[in-house]
Amino acid sequence: MAKKIKNKPKEKPAAQNYYDLKVDAVERLVNAKSAPEVSEKEIRKYTSKGKFHIPSWIKILFIKFWFSGAICYFFLWGMGLYLAGLDLMVVLAIALGVSTDLMVNHLLHSFEPEKGAYDKWMMIPFRKFWTIFLNVIYAGVLLYCVIQIYVVINTLLVGDVSGAETVAVGVEPLLFGIFYMGTDMLFVTIKNMMVKIIKDADAKVKKNG
């Protein structure tokens with residue numbers, strides 16, 4: 001009787017050689033230097049596809065409006081029972097400046113598509129230990145301008161308000177936030193225009209010189 005010929009099983013590669021091959025491939029991928037760098041802005045362009053997208057300028061203006069309105073609510077309304085006049089304005093300016101330095105600017109930097117993209121929306125875009133004092137002074141200037149806006153509006157509506165017991169438009173968080181945010185953006189726009197003029201002038205001098 002003829003003997004059945006058994007198929008000889010194929011030899012498997014040694015486990016050690018198999019894993020060595022995989023490790024070498026991984027190392028080549030990790031150490032590859034030819035792969036181009038992709039910016040965070042480019043990544044977000046594809047990951048956010050198909051989702052409802054809120055324009056950046058709306059988010060920035062809302063953040064500025066919300067924080068200034070919240071400061072008005074908690075400090076102007078909350079501490080108005082204990083402080084008045086110049087003392088209350090100083091406390092309000094400090095609160096507005098500190099919130100801008102520590103929260104608003106930090107929040108804007110946290111969701112900008114690339115570093116420095118939202119600098120044009122801030123009066124003092126960088127953060128140092130002394131910028132908090134500059135932001136407090138800047139907040140005081142903005143607060144003075146906002147107060148003058150209220151004075152002008154009420155004067156136009158009811159006449160002289162210097163000795164009036166009540167006014168047509170009182171200070172409340174929503175309108176205060178809009179006025180403060182609008183005044184801030186006006187000053188920031190003027191700053192950006194001045195920076196652009198100086199840069200253009202400098203570039204022109206270098207080109208001609």
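A.B. asks: Please explain the overall build of the protein as it appears in this structure.
C.D. replies: Per the secondary structure count, the protein includes 6 helices and 0 strands. Looking at the 209 residues of the protein, the share that counts as buried comes to 26%. Partitioning the intrachain contacts of the protein with sequence separation of at least 6 by distance along the chain shows that 73% fall at a separation of at least 24. In the form shown here, the protein has an accessible surface area of approximately 15900 Å², with 67% of it arising from carbon and sulfur atoms.

A.B. asks: I'm lost on the nonpolar core in this one. Help?
C.D. replies: Most often, soluble globular proteins have nonpolar side chains that are buried together. The biggest cluster of nonpolar side chains holds 32 residues, and the ones touching the most others in it are Leu92, Leu96, Leu108, Phe176 and Tyr180. The element best represented in this core is helix H3 (residues 56-77), accounting for 8 residues. If we skip the residues at most four places from it in the chain, Leu108 touches Ile60, Ile63, Lys64, Tyr118 and Met122.

A.B. asks: Would you mind showing me how to read the packing of aromatic side chains here?
C.D. replies: Per the stated rule, a full pass over the model turns up 9 aromatic pairs. Relative to Phe74, the ring of Tyr73 has its centre 5.1 Å away and its plane inclined at 85°; by these criteria the two rings are edge-to-face. With 6.3 Å between their ring centres and 80° between their planes, Tyr138 and Phe187 make a pair best called edge-to-face. Of this pair, Tyr138 sits in helix H5 (residues 131-158) while Phe187 is found in helix H6 (residues 173-208), placing the two residues 49 residues apart along the sequence. The buried category is assigned to Tyr138, whose relative accessible area is 12%. By the ring-pair criterion, three or more aromatic residues cluster together here, those being Tyr73, Phe74 and Trp77.

A.B. asks: Help me understand a nonpolar patch on the surface, please; the structure alone is not making it clear to me.
C.D. replies: On the surface, Phe126, Phe129, Trp130, Phe133, Leu134, Ile137 and Val141 cluster together into a nonpolar patch covering about 750 Å² of accessible area. Along the polypeptide, Ile137 turns up in helix H5.

A.B. asks: Just checking my understanding: could you explain the packing of H5 against H6 for this structure?
C.D. replies: Orientation of H5 relative to H6, taken along the N-to-C sense of each, is 120°, at an axis distance of 9 Å. The orientation of H5 with respect to H6, classified from their angle, is oblique. The two elements H5 and H6 cross, and the hand of that crossing is right-handed. Residue-level inspection shows Tyr138, Ala139, Val141, Leu142, Leu143, Cys145, Val146, Ile149, Tyr150 and Ile153 of H5 in contact with H6, the latter providing Leu175, Phe176, Phe179, Tyr180, Thr183, Asp184, Phe187 and Val188. Its residues assigned to classes, the contact of H5 with H6 shows 16 nonpolar, 1 polar and 1 charged.

About the cut-offs
Residues numbered from 1 in each chain as written. Predicted model: local features only at pLDDT ≥ 70, side-chain atom pairs only at ≥ 80, totals over all residues. Heavy atoms only, no water. Helix = DSSP H or I, 4+ residues; strand = E, 2+ residues; numbered from the N terminus. Buried < 20%, exposed > 50% of the residue type's maximum accessible area, 1.4 Å probe, protein only. Contact = heavy atoms within 4.5 Å. Areas by Shrake-Rupley, 256 points an atom, 1.4 Å probe, with all protein chains shown as cover. Core = buried A, V, L, I, M, F, W, Y, C linked by side-chain atoms within 4.5 Å. Phe/Tyr/Trp six-rings, centres within 6.5 Å; stacked < 30°, edge-to-face > 60°. Patch = residues over 30% accessible without salt bridge, like charges linked within 9 Å, V, L, I, M, F, W, Y side chains within 5 Å. Salt bridge = Lys/Arg side-chain N within 4 Å of Asp/Glu carboxyl O. Axes fitted to C-alpha atoms, helices over the stretch in contact; angles between N-to-C directions. Parallel < 35°, antiparallel > 145°, perpendicular 65-115°, else oblique. Left-handed = near helix turned anticlockwise from the far one by under 90°. Nonpolar A, V, L, I, M, F, W, Y, C, P; charged D, E, K, R; others polar.

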